[in-house]
Amino acid sequence: MVKGIIFDFDGVIVESEPLFLDSVIMYLKRFNITADYSSTKQLCGMTKTNIVKAMKSAFNLKDDLDKIYSDMVEIEKQVKKVERYQLINGVKPFLKKCEQKGIKMAIASSSDVSFIEAVLKHNEIDKYFSFIVSGQFVERSKPDPQIYNIASEKMGIDKKELIIIEDAYNGILAGVNSKIFTYGLKASIIEQNTTLADKEVYSYDEIEL
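As a starting point, this report considers the structure included with it.

1. Some points on the overall build of the protein
Here is step 1 of the chain: Per the secondary structure count, the protein includes eight helices and six strands.
Here is step 2 of the chain: Ordering the α and β elements of the protein from the N terminus gives β-α-α-α-α-α-β-α-β-α-β-α-β-β.
Here is step 3 of the chain: Taken over C-alpha atoms, the radius of gyration comes to 17 Å for the protein, in line with the 17 Å a tight globule of 209 residues would show.
Here is step 4 of the chain: Referenced to the eigenvectors of the C-alpha coordinate spread, the extents of the protein come out at roughly 50 × 30 × 30 Å.
Here is step 5 of the chain: Within the protein, residue pairs in contact and separated by at least 24 positions form 63% of the contacts whose partners lie at least 6 positions apart.
Here is step 6 of the chain: Accessible surface, the protein as shown: approximately 10,000 Å² in total, 48% of it carbon and sulfur.

Written out as structure tokens, the structure reads:
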């Protein structure tokens, strides 16, 4: 029986990854580098520091990491508007069902906690989550399982009675490495590699409680 659920945020609760990838594509255009979702989606699910490192390596960027980081922050300010972040289809009814069943819910995400809180509040779903563990609070980012281990300890529920819902390769690997049953949710328009998940699903209706 499921007593607790740990959700990733981007691509699991909100359709945010297209907006993030749009900012990456906008940045690369400055250098006449043509990119699309297919060539950039591997950046999803990383902390901002690791995103910058991966971008520099993948696209052979000449600027140093600090410069790339600051430029990306400026571009994201243009793109990241709370009102633009729509809920993943089916998530709100799923949260209501979990609440009715007395299932404890939390978020473990690489995204900034203040932004997560703002988006949850805007979409009127903040009440469903007991706490948020952000990448800001951990030393080792996904695919290391640290963030999920911290979240499970904070939940105070045996790992055998928990599930994780993820959509990104690194996040799924983190979930599996935490020894918690991990769903690979393919409900976002940015479809990622979820083959390592304990179970792949295409909608919230497929998740067993």
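2. What about a negative patch on the surface?
Here is step 1 of the chain: Where like charges cluster on the molecular surface, the negative patch consists of Asp112, Glu117, Glu124 and Asp126.
Here is step 2 of the chain: Here glutamate 117 lies in helix H6 (residues 113–122).

3. Some points on the sheet that holds strand E1 (residues 4–7)
Here is step 1 of the chain: Here six strands make up an open sheet; going across it, the order is E3-E2-E1-E4-E5-E6 and the pairing parallel. Single-partner strands in this sheet number two, and they are strand E3 (132–134) and strand E6 (199–201). Neighbour-to-neighbour, the strand axes of this sheet turn through a mean angle of 25°, independent of strand direction.
Here is step 2 of the chain: With four bridges joining them, E1 and strand E2 (residues 104–109) adopt parallel strand pairing. Residue pairing in the sheet places isoleucine 6 in a bridge with alanine 106 of E2.
Here is step 3 of the chain: The strands touched by helix H5 (residues 91–100) are E1, E2 and strand E4 (162–166); relative to E1, the strand with the most contacts, the crossing angle is about 150°.
Here is step 4 of the chain: The sheet strands contacting helix H7 (residues 146–155) are E1, E2, E3 and E4, and the helix crosses E2 at an angle near 155°.

4. Section: helix H4 (residues 65–79)
Here is step 1 of the chain: Along its 15 residues, H4 runs 21 Å from first to last C-alpha, staying within 8% of the 21 Å computed at 1.5 Å per residue.
Here is step 2 of the chain: What H4 keeps buried is the set Ile68, Asp71, Met72, Ile75, Glu76 and Val79. For H4, the buried positions fall inside an angular range of 140° around the axis, keeping them on one side.
Here is step 3 of the chain: Among the structural elements, helix H1 (17–29) and helix H3 (48–58) are those in contact with the buried residues of H4.
Here is step 4 of the chain: Residue aspartate 64 occupies the N-cap position of H4, its side-chain oxygen lying 3.3 Å from the main-chain nitrogen of aspartate 66.

5. What to know about the pattern of salt bridges
Here is step 1 of the chain: Using the criterion set out here, one finds 11 salt bridges in the structure.
Here is step 2 of the chain: Between lysine 77 and glutamate 74 there is a salt bridge, and its shortest N-O distance comes to 3.3 Å. In this pair, lysine 77 and glutamate 74 are both assigned in helix H4, three residues apart and thus about one turn of the helix distant.
Here is step 3 of the chain: A network of salt bridges, in which partner residues are shared, links Asp8, Lys142 and Glu166.

Parameters and conventions
Residue positions are counted from 1 within each chain, in the order its sequence is given. Where local features are concerned, this predicted model is filtered to residues with pLDDT of at least 70; where side-chain atom pairs are given and counted, the filter is 80 or more; whole-chain, interface and lining totals use all residues. No hydrogens and no water enter the side-chain calculation; it runs on all heavy atoms of the structure. Per the convention used, a helix needs a DSSP run of H or I reaching at least four residues, while a strand needs a run of E reaching at least two, with both numbered from the N terminus. Restricting the calculation to C-alpha atoms gives the radius of gyration, and the globule rule supplies 2.2 Å times the number of residues raised to the power 0.38. Two residues form a contact once any of their heavy atoms are found within 4.5 Å. For the accessible areas, the method is Shrake-Rupley and the probe is 1.4 Å, while residue cover comes only from the protein chains on display. Each patch groups residues whose relative accessible area exceeds 30% and which form no salt bridge, using 9 Å between like charges and 5 Å between nonpolar side chains of Val, Leu, Ile, Met, Phe, Trp and Tyr. Whenever a carboxyl oxygen of Asp or Glu lies within 4 Å of a side-chain nitrogen of Lys or Arg, that contact is scored as a salt bridge. Lys and Arg are tallied as positive, Asp and Glu as negative. Neither His nor the chain termini are counted. Charged side chains are reduced to one point each, which is NZ for Lys, CZ for Arg, CG for Asp and CD for Glu. Note on pairing: DSSP must find at least two bridges between two strands before they are called paired. All axes are obtained by fitting lines to C-alpha atoms, using only the stretch in contact for helices, and the reported angles, taken between N-to-C directions, cover 0 to 180 degrees. Here the expected length of a helix is defined as 1.5 Å per residue gap, with one fewer gap than residues. Note on classification: 1.4 Å probe, protein chains only; a residue is buried when its accessible area is under 20% of the maximum for its type, exposed when over 50%, partly exposed between these limits. Think of the arc as the fan of directions from the helix axis to the C-beta atoms. Two N or O atoms form a polar contact when they lie within 3.5 Å of each other; inside protein one atom must be a possible hydrogen donor and the other a possible acceptor, and for residues adjacent in sequence the pair counts only when both atoms belong to side chains.

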